[in-house]
Amino acid sequence: MKKILVSECLYGGRIVRYDGGEVPENDARFLKWKAEGRLVPICPEVFGGLPIPRPDSQRVGDKVLTGTGKDVTKEYTSGATETLRLAQEHDVVFAIMKQDSPSCGSKFIYDGTFTDTKKEGQGLAVEYLRNADFKVFSEDDLDEAERLLAK
Ligand code: SF4
């Protein structure tokens, strides 16, 4: 069966987000793939050893910093590395990752000023996946993901 890597906060069932909140994806296609056992849930930031909840963090240049300036690049890098390892181990056909996250964002991320401003960009785990030639969608791109899965 073709597997799909997914952000664990979209998969649901375990609280993993920085704010302790939940954002499960309830699209019927996503739930069908989940029921089929096709989805491989991953949370890069938890893989990196960060707590739940944890401080809001953003990509700033080549680093990832919290709002108070703590450098968490090492943790984010560790999580991105493990995410890529699991994508390769499960031989996933693509990934569906939570938009806007400094790890999982695939089109936009927050701009590093902590002023609630987004810019075009990608999270660190997505960068690692794309550098290894994995296709990455956000939860808003399920039409495209469905078409690719059908190929
Ligand atoms: S790192 Fe990714 S999977 Fe984990 S909570 Fe953030 S967006 Fe969700």
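Residues numbered from 1 in each chain as written. Predicted model: local features only at pLDDT ≥ 70, side-chain atom pairs only at ≥ 80, totals over all residues.

**Student:** Describe the site of the ligand, listing the residues and the values that go with them.
**Tutor:** Near the ligand the following residues occur: Ser 7, Glu 8, Cys 9, Val 16, Arg 17, Cys 43, Pro 44, Glu 45, Lys 98, Ser 101, Ser 103 and Cys 104. Looking at the shell around the ligand, the elements that each hand over two or more residues are α1 (8–11) and α3 (44–47). (Near = placed C-beta within 6 Å. Helix = DSSP H or I, 4+ residues; strand = E, 2+ residues; numbered from the N terminus.)

**Student:** Explain unusual backbone geometry residue by residue, including any values.
**Tutor:** Residue Pro 53 is reached from Ile 52 by a cis peptide bond, and omega for that bond is -5°. Even without being glycine, Phe 114 reaches a positive phi, approximately 55°. Counting through the fold element by element, Phe 114 comes out in the loop between β6 (108–110) and β7 (118–120). Unlike most non-glycine residues, Asp 133 shows phi in positive territory, near 75°. Note that Asp 133 resides in the loop between α5 (124–131) and β8 (136–138). Taking the number of C-beta atoms within 10 Å as the measure of exposure, Asp 133 has 6 and is therefore exposed. (Buried ≥ 20, exposed ≤ 12 C-beta atoms within 10 Å, placed from the backbone.)

**Student:** Can you explain the environment of Asp 62? Please cite residues and give values.
**Tutor:** On the secondary structure map, Asp 62 appears in the loop between β3 (57–60) and β4 (63–66). Sequence-wise, Asp 62 and Val 46 are 16 residues apart; in three dimensions their C-alpha atoms are separated by 20 Å.

**Student:** Mind laying out the packing of helix α4 (residues 73–89) against α5, listing which residues take part and the relevant values?
**Tutor:** At a minimum axis separation of 8 Å, α4 and α5 run at an interaxial angle of 40°. Compared by their axis directions, α4 and α5 come out oblique. Two packed elements cross with a definite hand, and for α4 against α5 that hand is right-handed. In this structure, α4 uses Tyr 76, Thr 77, Gly 79, Ala 80, Thr 81, Thr 83, Leu 84 and Ala 87 to contact α5, whose residues at the interface are Leu 124, Ala 125, Tyr 128 and Leu 129. Counted by class, the contact of α4 with α5 contains eight nonpolar, four polar and no charged residues. (Axes fitted to C-alpha atoms, helices over the stretch in contact; angles between N-to-C directions. Parallel < 35°, antiparallel > 145°, perpendicular 65-115°, else oblique. Left-handed = near helix turned anticlockwise from the far one by under 90°. Contact = placed C-beta atoms within 7 Å. Nonpolar A, V, L, I, M, F, W, Y, C, P; charged D, E, K, R; others polar.)

**Student:** If you had to explain the pairing of β4 to someone new, which residues and values would you point to?
**Tutor:** Inspection of the sheet shows β3 paired to β4 by four bridges, in the antiparallel sense. Bridging from a neighbouring strand, Ser 57 pairs with Thr 66 of β4. (Pairing = 2+ DSSP bridges.)

**Student:** Tell me about the environment of Leu 124, and name the residues and values.
**Tutor:** As for its placement among the helices and strands, Leu 124 is situated in helix α5. C-beta crowding within 10 Å serves as the criterion here: with 26 such atoms nearby, Leu 124 is assigned to the buried category. Each C-alpha atom of the pair Leu 124 and Gly 13 lies 24 Å from the other, and the pair is 111 residues apart in sequence. In this structure Leu 124 touches Arg 59, Val 64, Tyr 76, Thr 77, Ala 80, Pro 102 and Ser 103, once residues within four positions along its chain are discounted.

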